[in-house]
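# Report on the structure
The residues making up each chain are set out below.
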Amino acid sequence: MTEIHPNIEESWKNVLKSEFSSPYFLALKEFLLKEKQQHKVFPAGSFIFNAFNLTPFDAVKIVLLGQDPYHNVGQAHGLCFSVPDGIPHPKSLINILKELHDDTGVSIPKSGNLEKWAKQGVLLLNATLTVRAHQAGSHQNQGWETFTDAVIRTVSEKKSNVVFMLWGNYAQAKESLIDAGKHCILKTVHPSPLSASRGFFGSKHFSKANAFLIKSGISPVDWDLNRK
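Since we're looking at a predicted model, the values are computed, not measured.

## Description of the overall build of the protein
Within the protein, the secondary structure is distributed over 9 helices and 6 strands. The C-alpha atoms of the protein give a radius of gyration of 17 Å, which matches the 17 Å a tight globule of 228 residues would have. C-alpha atoms of the protein, sized along the principal axes, occupy 50 × 35 × 35 Å. Sorting the 228 residues of the protein into buried and exposed places 54% on the buried side. For the protein, the computed accessible surface area is about 10300 Å², with 52% contributed by carbon and sulfur atoms. Between the mean site of the 25 positive side-chain charges and the mean site of the 20 negative ones, the protein shows a separation of 3 Å.

Rendered as structure tokens:
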């Protein structure tokens, strides 16, 4: 069986070992192989597990959950809400960076690349890790959600004092997978222009997350994307 991407970071490979050999994951691989024969699929294969490769299991401090990868050319690179350098900011990301500025005072960056956050322990996890070009939601219900639910459950069970940022109804539906007794759960509406004004703006999740980490004896995240 051909691997989707055999180079997922070693600590994740260890804690998720049983997932990779399970029937649903094998079926997901088959689905993706067929999709790639007939359609353009985002992100590129080497970026499907980018969130895991940039944020090893042992380094996870925060889990930020998105839904689907961006489905237009050049946008998706395996990190939820993030786009590569030089790509215009999608609307939800514009609102995220505005709230970050209002919350913490950091200036809004030119680049929407959130790799700096990932490298500090922010797992930028989409519930579905691939998508057909220009067709939002096209790879939902093919097995990815089973896999990413297992990721959330594993982080909850095996770690302590992680901040889970659940933005919008879809992300908040995952709350049952998280042990609220040993983690911090921050909930608000989605940063989409359709909902951001109903509670995302003013939620102060960035400063609240760092306050929890500091209280737990964990180094805070430097959210400033302009500072190298």
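## Things to note about the layout of surface pockets
Taken as a whole, the largest pocket encloses approximately 590 Å³ of empty space. Lining the largest pocket are 30 residues, with Asp68, Pro69, Tyr70, Ser92 and His190 positioned closest to its centre. Broken down by class, the residue content of the lining of the largest pocket amounts to 13 nonpolar, 15 polar and 2 charged. The calculated volume of the second largest pocket comes to roughly 280 Å³. Surrounding the second largest pocket, Asp85, Pro109, Lys110, Ser111, Asn113, Glu115, Lys116, Lys119, Leu225, Asn226, Arg227 and Lys228 form its lining. Class assignment for the residues of the lining of the second largest pocket results in 2 nonpolar, 3 polar and 7 charged.

## With respect to the confidence of the model for the protein
Of the residues in the protein, 97% reach a pLDDT of 70 or more, and the chain-wide mean stands at 94. Across residues 1-5, where pLDDT falls below 50, the model places 14 contacts with residues more than four positions away in sequence or in other chains.

## Remarks on the pattern of salt bridges
All told, the structure shown has 8 salt bridges when counted by the stated rule. Here Lys187 makes a salt bridge to Glu175, at a shortest N to O gap of 3.0 Å. Of this pair, Lys187 sits in strand 6 (residues 184-188) while Glu175 sits in the loop between helix 8 (169-172) and strand 6, and the two are 12 residues apart along the sequence. Overall, the relative accessible area of 44% leaves Lys187 in the partly exposed class. Owing to a relative accessible area of 28%, Glu175 belongs among the partly exposed residues under this scheme.

## Considering the sheet that holds strand 3 (residues 122-126)
Spatial strand order, 3-2-5-6: 4 strands in an open sheet with parallel pairing. Single-partner strands in this sheet number two, and they are strand 3 and strand 6. Pairwise comparison of adjacent strand axes, ignoring direction, gives a mean angle of 20 degrees for this sheet. Across 4 bridges, strand 2 (residues 62-66) lies against strand 5 (residues 163-167) in parallel orientation. If you follow Val63 over to strand 5, its bridge partner there is Phe164. Together, strand 2, strand 5 and strand 6 form the strand contacts of helix 9 (residues 205-215), whose direction differs from that of strand 5 by roughly 160 degrees.

## With respect to the packing of helix 5 (residues 91-104) against helix 9
Running from N to C, helix 5 and helix 9 cross one another at 60 degrees; their axes reach a closest spacing of 8 Å. Here helix 5 is positioned oblique relative to helix 9, judged by the angle of their axes. Taking contact as the criterion, the partners of Ile96, Glu99, Leu100, Asp103 and Thr104 in helix 5 are, on helix 9, His205, Phe206 and Ser207. Of the residues belonging to the contact of helix 5 with helix 9, the class tally is 3 nonpolar, 3 polar and 2 charged.

## Points about the nonpolar core
Counting 62 residues, the largest nonpolar core has Trp12, Phe52, Trp117, Phe147, Met165 and Trp223 as its most contacted members. If sequence neighbours within four positions are ignored, Trp117 has contacts with Ile96, Leu100, Val122, Leu124, Phe206, Asp222, Trp223 and Leu225.

## With respect to helix 7 (residues 144-158)
Its 15 residues place the ends of helix 7 21 Å apart at the C-alpha level, agreeing with the 21 Å of an ideal helix rising 1.5 Å per residue. With 11 of 15 residues buried, helix 7 lies mostly within the body of the structure. Taken residue by residue, helix 7 has Trp144, Glu145, Phe147, Thr148, Asp149, Ala150, Val151, Ile152, Thr154, Val155 and Ser156 as its buried positions.

Calculation rules
Residues numbered from 1 in each chain as written. Predicted model: local features only at pLDDT ≥ 70, side-chain atom pairs only at ≥ 80, totals over all residues. Heavy atoms only, no water. Helix = DSSP H or I, 4+ residues; strand = E, 2+ residues; numbered from the N terminus. Rg over C-alpha atoms; globule rule 2.2 N^0.38 Å. Buried < 20%, exposed > 50% of the residue type's maximum accessible area, 1.4 Å probe, protein only. Areas by Shrake-Rupley, 256 points an atom, 1.4 Å probe, with all protein chains shown as cover. Lys, Arg positive; Asp, Glu negative; His and termini not counted. Charge placed at Lys NZ, Arg CZ, Asp CG, Glu CD. 1 Å grid on protein atoms, 1.4 Å probe; cavity = no way out; pocket = protein on both sides within 12 Å on 5 of 7 lines; lining within 4 Å. Points joined across faces, edges and corners; volume = space filled by probe spheres on them. Nonpolar A, V, L, I, M, F, W, Y, C, P; charged D, E, K, R; others polar. pLDDT = per-residue confidence, 0-100. Contact = heavy atoms within 4.5 Å. Salt bridge = Lys/Arg side-chain N within 4 Å of Asp/Glu carboxyl O. Pairing = 2+ DSSP bridges. Axes fitted to C-alpha atoms, helices over the stretch in contact; angles between N-to-C directions. Parallel < 35°, antiparallel > 145°, perpendicular 65-115°, else oblique. Core = buried A, V, L, I, M, F, W, Y, C linked by side-chain atoms within 4.5 Å. Expected span 1.5 Å × (residues − 1).

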